[in-house]
Amino acid sequence: MAEEIAPRSFSIKLWPPSDNTRQVIVDRMTKNLSTETFFSKKYVLFSKEEAHKEAARIEDAGFKASSELFMKEPDGDGSSAVQFYAKETSRLMIETLKRGPTVTPKVEPGPTVPPKVEPETNRELETQTQREVEPNVISAQNGTRQEGAVFDISGGKRAFIEAEEARELLSPLIQTRNWYTKIIFSNRSFGIEAAREAGPILESIKNQLLDVDLSDFVAGRPEEEALEVMKIFSLALEGSVLRYLNLSDNAMGEKGVRAFEALLRSQEQLEELYLMNDGISEEAAKALSELIPSTDKLKVLHFHNNMTGDEGAVAISEVVKKSSLLENFRCSSTRVGTDGGIPLAEALGACVNMKKLDLRDNLFGVEAGLALSKTITKLTGLKEIYLSYLNLEDEGTKEIVNALKSSVPGLEVLEIAGNEITAAAAPVFAALLGAGQTLKKLGLSENELKDEGAIVIARAIEGQTGLKELDLSSNLIQRAGARALANAVVSKKEFELLNINGNAISDEGLDEVKEILKGSDVLGPLDENDVDLLEELDEEGEEEGAEGELEAKLGHLNVKSED
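Source: prediction; values computed, not measured. (Residues numbered from 1 in each chain as written. Predicted model: local features only at pLDDT ≥ 70, side-chain atom pairs only at ≥ 80, totals over all residues. Heavy atoms only, no water.)

(A) A look at the overall build of the chain. A count of helices and strands for the chain gives 19 helices and 16 strands. Considering the chain as a whole, with its 563 residues, one finds that 54% of them fall into the buried category. Total accessible area on the chain stands at roughly 25,500 Å², and carbon and sulfur atoms take up 48% of it. (Helix = DSSP H or I, 4+ residues; strand = E, 2+ residues; numbered from the N terminus. Buried < 20%, exposed > 50% of the residue type's maximum accessible area, 1.4 Å probe, protein only. Areas by Shrake-Rupley, 256 points an atom, 1.4 Å probe, with all protein chains shown as cover.)

Structure representation (structure tokens):
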């Protein structure tokens, strides 16, 4: 049962600084540029308005450059980013002082020599900036909550934590000058004694917490012990005013959900809730619906990879109905069939602010697909929708895509793989592509579009400038369809990826596609193509005849006939 215990590690994230801290830096630089200080007395002063504009520009440039550095060191504590931020903003400020304001008093013409900048000037500016950043990242101002430091003990290998180690790991949380607003305890498995050490500490800081991540924090523990640990944490955090709560990867089931009753019932301001891979069964879903008191402010709700089923989906639908601000909903891989898919689809009609919808890998079927198409007409702000592996077939697919075309003008991503879609539905995708230029990614893998459907889509792409990725892998496409698609994207400078792997393209067809796209890196891998996928077209004469008919449909695409 026990797993290897990794070396103890936790991290205090000093980057990024809060918006409040960044504003303090801008205000400080504005003062240095517009009033006579040690830094500016050798130069022409800026007006307050221009000083503020320059200070905001300098801070933004320094922040972006430092954030890029931090992204390259994701496991670091952010201290190097803070140091770079201080150096970069001071460097840019000195350059700005030397350059002077855009509008300056008139002076007698003549050569001017910029005054020499003493080394101390740069160092003083860096020190001043760093002093502003670090305390403000981890301290409170006037007793009010603000974006603060991240306390993260999730690094390294998954490890069991007992009482003594918990006491040592969590000791930074009880330091009075520290102001943590986000804690991440995932990837560390707490036992009962460790939880008893953590409980009072969490209770002492719960009023300052905004974000709590307790994902995967009881792994490998016996059920009885895991449930007791959940109750201890729940009671310790009861009454906190959280905006983000992640309880994923804890195999909770109904008992686990109820173990968190105290915490869940006290949450009135949640904006994000994650319950992925939690064993959320029908009973657990009903318990959630019962225990979550308010979803008035909920914007993100994720239930990925649970065993919710139809009855559970009905319970989740009740939560969704009350979540009018929901922008990002994920209920993928949850074993929801038609009987649960229909009420869930209907409930989503209340979420008119939806931007990202993910219902992949369920058993909706055509009827639930038709219900979803009606709901989509209300979700006019959708940007991304993921509907792969829902058994939609042509009938459900057509209605959904038509709804997207007519009601969702800003759609950017549509993934609808594995739905038994044939060439009969290809025209609706062509119409969607022709309706606007916002669609960037279209995923249609593992369907049955064949050459005929591929050619219809290729024609539509010809007039499309926004599309960057097209996935038509595993669609029984042969040489003619592949050639049409290659010709359709070859001249598109912004296009990034054409995936036609796993089809029935002959070796000659593959060579031709590669030749068409020679000099371009948009073509995905082709190693899984199998010309024998369509046995009925194995005979050369039948293949030639079929492709001959298709060539006539290509018209101006100029697809050459196969010799």
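Picking up where we left off.
(B) Main features of helix H18 (residues 507-516). Buried within H18 we find Gly509, Leu510, Glu512 and Val513. All buried residues of H18 fall inside an arc of 160° around its axis, so they share one side. On the buried face of H18, the contacting elements are helix H17 (479-489). (Arc of directions from axis to C-beta. Contact = heavy atoms within 4.5 Å.)

(C) Looking closely at a negative patch on the surface. The grouping of Glu311, Asp339, Glu367, Glu393, Glu395, Glu399, Glu420 and Glu448 at the surface amounts to a negative patch. Among the elements that make up the negative patch, the one with the highest residue count is helix H14 (residues 393-407) (3 residues). Residue placement: Glu399 occurs in helix H14. (Patch = residues over 30% accessible without salt bridge, like charges linked within 9 Å, V, L, I, M, F, W, Y side chains within 5 Å. Salt bridge = Lys/Arg side-chain N within 4 Å of Asp/Glu carboxyl O. Lys, Arg positive; Asp, Glu negative; His and termini not counted. Charge placed at Lys NZ, Arg CZ, Asp CG, Glu CD.)

(D) Structural detail: the confidence of the model for the chain. Residues of the chain with pLDDT of at least 70 account for 81%, and the chain-wide mean is 85. Scored below 50 in pLDDT, residues 104-120 shows 8 contacts in the model against residues more than four places distant or in partner chains. (pLDDT = per-residue confidence, 0-100.)

(E) Up close: the side chain of Ser333. Tracing the backbone through its elements, the reader meets Ser333 in the loop between strand E10 (328-330) and helix H12 (338-347). With a relative accessible area of 17%, Ser333 lands in the buried category.

(F) Structural context of the packing of H12 against helix H13 (residues 365-376). The contact between H12 and H13 brings their axes to 8 Å, and the two run at 0°. Between H12 and H13, the interaxial angle falls into the category roughly parallel. Residues Thr338, Gly341, Ile342, Ala345 and Glu346 of H12 form the contact with H13, whose participating residues are Gly365, Glu367, Ala368, Ala371, Leu372 and Thr375. Here the contact of H12 with H13 is built from residues that sort into 5 nonpolar, 4 polar and 2 charged. (Axes fitted to C-alpha atoms, helices over the stretch in contact; angles between N-to-C directions. Parallel < 35°, antiparallel > 145°, perpendicular 65-115°, else oblique. Nonpolar A, V, L, I, M, F, W, Y, C, P; charged D, E, K, R; others polar.)

(G) Spatial organisation of H12. Three or more residues of H12 are buried, namely Gly340, Gly341, Leu344, Ala345 and Ala347. Along H12, the residues classed as buried sweep out an arc of 155° about the axis, all on the same side. Among the exposed residues of H12, those oriented more than 90 degrees off its buried face are Asp339 and Glu346. Tucked into the core, H12 has its buried residues touching helix H11 (309-321), E10 and H13.

(H) Representation of unusual backbone geometry within the structure. Even without glycine at this site, Asn187 takes up a positive phi of about 75°. Unusually for a residue other than glycine, Asn277 sits at a positive phi of about 55°. Mapping Asn277 onto the fold places it in the loop between strand E8 (272-274) and helix H10 (282-291).

(I) Representation of the nonpolar core within the structure. Counting 126 residues, the largest nonpolar core has Phe185, Phe329 and Leu359 as its most contacted members. For this core, the element with the most residues is helix H7 (residues 223-237), which contributes 8 residues. Those residues in contact with Leu359 that lie beyond four places of it in its chain are Phe329, Cys331, Ser332, Leu344, Leu348, Phe364, Leu372, Tyr386, Leu387 and Leu390. Counting residues in each nonpolar core, the second largest holds 18 residues, with Met29, Phe63, Ile94 and Leu97 among its members. (Core = buried A, V, L, I, M, F, W, Y, C linked by side-chain atoms within 4.5 Å.)

(J) Seen up close, the packing of H11 against H12. It is the contact of H11 with H12, at a shortest axis distance of 8 Å, that shows an interaxial angle of 5°. Here H12 runs roughly parallel to H11, going by the angle between their axes. Where H11 approaches H12, its residues Asp310, Ala313, Val314, Ser317, Val320 and Lys321 are matched on the opposing element by Thr338, Asp339, Gly340, Gly341, Pro343, Leu344 and Ala347. Looking at side-chain class alone, the contact of H11 with H12 contains 6 nonpolar, 4 polar and 3 charged residues.

(K) Focus on the packing of aromatic side chains. Scanning the model with the defined rule gives 9 aromatic pairs in all. Consider the rings of Phe190 and Phe217, whose centres lie 6.4 Å apart with planes at 55°: the pair is tilted. Taken together, the residues Phe190 in strand E5 (residues 188-190) and Phe217 in the loop between strand E6 (211-213) and H7 connect sequence positions 27 residues apart. Relative accessible area serves as the criterion here: at 0%, Phe217 is assigned to the buried category. Among the aromatic side chains, those forming a connected cluster through ring pairs are Phe151, Tyr180, Phe185, Phe190, Phe217, Phe233 and Phe260. Over the ring of Phe63 we find Arg22, and its NZ or CZ is 3.6 Å from the ring centre. Over the face of the ring belonging to Tyr244 we find Lys182, whose NZ or CZ atom lies 5.2 Å from the ring centre. (Phe/Tyr/Trp six-rings, centres within 6.5 Å; stacked < 30°, edge-to-face > 60°. Lys NZ or Arg CZ within 6 Å of the ring centre and 35° of its normal.)

(L) Looking closely at the pairing of strand E2 (residues 149-152). Burial along E2 is two-sided: the face carrying Ala149 and Phe151 and the face carrying Val150 and Asp152 are both buried. Pairing of E2 with strand E4 (residues 180-184) involves 4 bridges; the strand directions are parallel. What sits directly across from Val150, in E4, is Lys182. (Pairing = 2+ DSSP bridges.)

(M) Region of the structure containing the pattern of salt bridges. Enumeration over the complete set of coordinates arrives at 31 salt bridges. Residues Arg265 and Glu261 are paired through a salt bridge, measuring 2.8 Å at the closest nitrogen-oxygen approach. Of this pair, Arg265 and Glu261 both sit in helix H9 (residues 261-265), 4 residues apart, roughly one helical turn. Residue classification places Arg265 among the partly exposed residues on the basis of a relative accessible area of 38%. Note that Glu282 and Lys286 form a salt bridge whose closest N and O atoms lie 3.1 Å from each other.

(N) Spatial organisation of the pairing of E4. Burial of E4 is extensive: 4 of the 5 residues sit out of reach of the surface. Here E4 runs beside E6; their pairing, made up of 3 bridges, is parallel. Along E6, the bridge assignment pairs Ile183 with Val212.

(O) Representation of the environment of Leu237 within the structure. Residue position: Leu237 is located in helix H7. The spatial distance from the C-alpha of Leu237 to the C-alpha of Leu264 is 9.6 Å, given a sequence separation of 27 residues. Ignoring anything within four residues of it in the chain, the contact list for Leu237 reads Leu202, Lys206, Leu209, Val212, Leu214, Leu263 and Gln267.

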